[in-house]
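A look at the structure
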Amino acid sequence: GAGVSQSPSNKVTEKGKDVELRCDPISGHTALYWYRQSLGQGLEFLIYFQGNSAPDKSGLPSDRFSAERTGGSVSTLTIQRTQQEDSAVYLCASSLAWDTGELFFGEGSRLTVL
Amino acid sequence: TQLLEQSPQFLSIQEGENLTVYCNSSSVFSSLQWYRQEPGEGPVLLVTVVTGGEVKKLKRLTFQFGDARKDSSLHITAAQPGDTGLYLCAGEGAYNQGGKLIFGQGTELSVKP
């Protein structure tokens, strides 16, 4: 498809396990963002990548969270030693460039930590 | 820290009624966006306002950016059940931080037929 693709769409895990969430941005978009959305709430910025520049990690809530973007395209968000408070929908978005403004979002990965 | 306060958080109205959603901050934003999100989907951009005092119309939706670029409003005329969803405002910092948008908490709108 032509949109932002995220996988898995749903993930249930046990407390303490590691999880990986994947994002495939729109082709040609150089900027990629991760946001977190708790139930019925607004979006919390986590991290963004722009081209080959160092990522802005200022929104990552703890050192258990990390993300990488390989080849300027696909990104993986990793959460180590998951906690119940990590339960949320993790949304990925891409844009043409960091200053373009309009973000195109995927459908999100819903993470439930038991 | 820049914050955006959205109100009301929840709104349940009958089809045909008008409504206004507010997005307020004590900080200045270089631009402000409004998104709509349906269950199980990501937010979709409705409009971007850039200039203080700017008014944009999208069919029955009217968006306004405050003169000081600290607040915005979304007005829906004659709401329809298809307008049901989560409405989010998002501000781009005055120093142009690109996609690092600051989102409000959202307004959950339910329009009953």
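These remarks concern the structure in this document. As the structure is a computational prediction, the values presented were derived from the model and not from experiment.

Turning our eyes to something else, we now look at the state of the cysteines. Considering all chains together, one arrives at 2 disulfides over all chains under this definition. The side chain of Cys-23 of chain A participates in a disulfide bridge whose partner is Cys-92 of chain A; the two sulfur atoms lie 1.9 Å from each other. One disulfide, between Cys-23 of chain A and Cys-92 of chain A, carries an S-S torsion of -65° and so falls in the left-handed class. Taken together, the residues Cys-23 of chain A in strand E3 (residues 19–24) and Cys-92 of chain A in strand E8 (residues 88–95) connect sequence positions 69 residues apart. Here Cys-23 of chain A matches Cys-92 of chain A in class, with each residue buried. Residue pairing for Cys-23 of chain B: its cysteine sulfur links by disulfide to Cys-89 of chain B, the two sulfurs lying 2.0 Å apart. What sets the handedness of the Cys-23 of chain B and Cys-89 of chain B disulfide is the S-S torsion sign, and at about 75° it is right-handed. Placement of Cys-23 of chain B in strand E3 (residues 19–24) and of Cys-89 of chain B in strand E9 (residues 85–93) is noted, with a sequence separation of 66 residues between them.

Next up on the list: the interface of chain A and chain B. Between chain A and chain B, the contact holds 20 residues from the first and 20 residues from the second. The junction of chain A with chain B conceals about 1,500 Å² of combined surface from both sides, 53% of it contributed by carbon and sulfur atoms. Counting across the chain A and chain B interface gives 0 salt bridges. Our count for the contact surface shared by chain A and chain B stands at 5 residue pairs in polar contact (both at pLDDT 80 or more). Mapped onto the side of chain A that touches chain B, the elements with two or more residues apiece are strand E4 (31–37) and strand E5 (43–50) of chain A.

All names here are of chain B. Taken in spatial order, the 5 strands make up an open sheet running E1-E3-E8-E7-E6, and their pairing is antiparallel. Every interior strand has two partners, whereas the edge strands, strand E1 (5–7) and strand E6 (55–58), have only one. Strand-to-strand twist across the sheet, computed as the mean angle between neighbouring axes with direction ignored, equals 15°. Across 6 bridges, E3 lies against strand E8 (residues 71–76) in antiparallel orientation. The residue bridging Thr-20 from the neighbouring strand is His-75, located in E8.

The rules behind each value
- Residues numbered from 1 in each chain as written.
- Chains lettered and ligands numbered in written order.
- Predicted model: local features only at pLDDT ≥ 70, side-chain atom pairs only at ≥ 80, totals over all residues.
- Heavy atoms only, no water.
- Disulfide = S-S within 2.5 Å.
- Helix = DSSP H or I, 4+ residues; strand = E, 2+ residues; numbered from the N terminus.
- Buried < 20%, exposed > 50% of the residue type's maximum accessible area, 1.4 Å probe, protein only.
- Contact = heavy atoms within 4.5 Å.
- Buried area = accessible area lost by both parts, 1.4 Å probe.
- Salt bridge = Lys/Arg side-chain N within 4 Å of Asp/Glu carboxyl O.
- Polar contact = N/O pair within 3.5 Å; in protein donor to acceptor, adjacent residues only side chain to side chain.
- Pairing = 2+ DSSP bridges.
- Axes fitted to C-alpha atoms, helices over the stretch in contact; angles between N-to-C directions.

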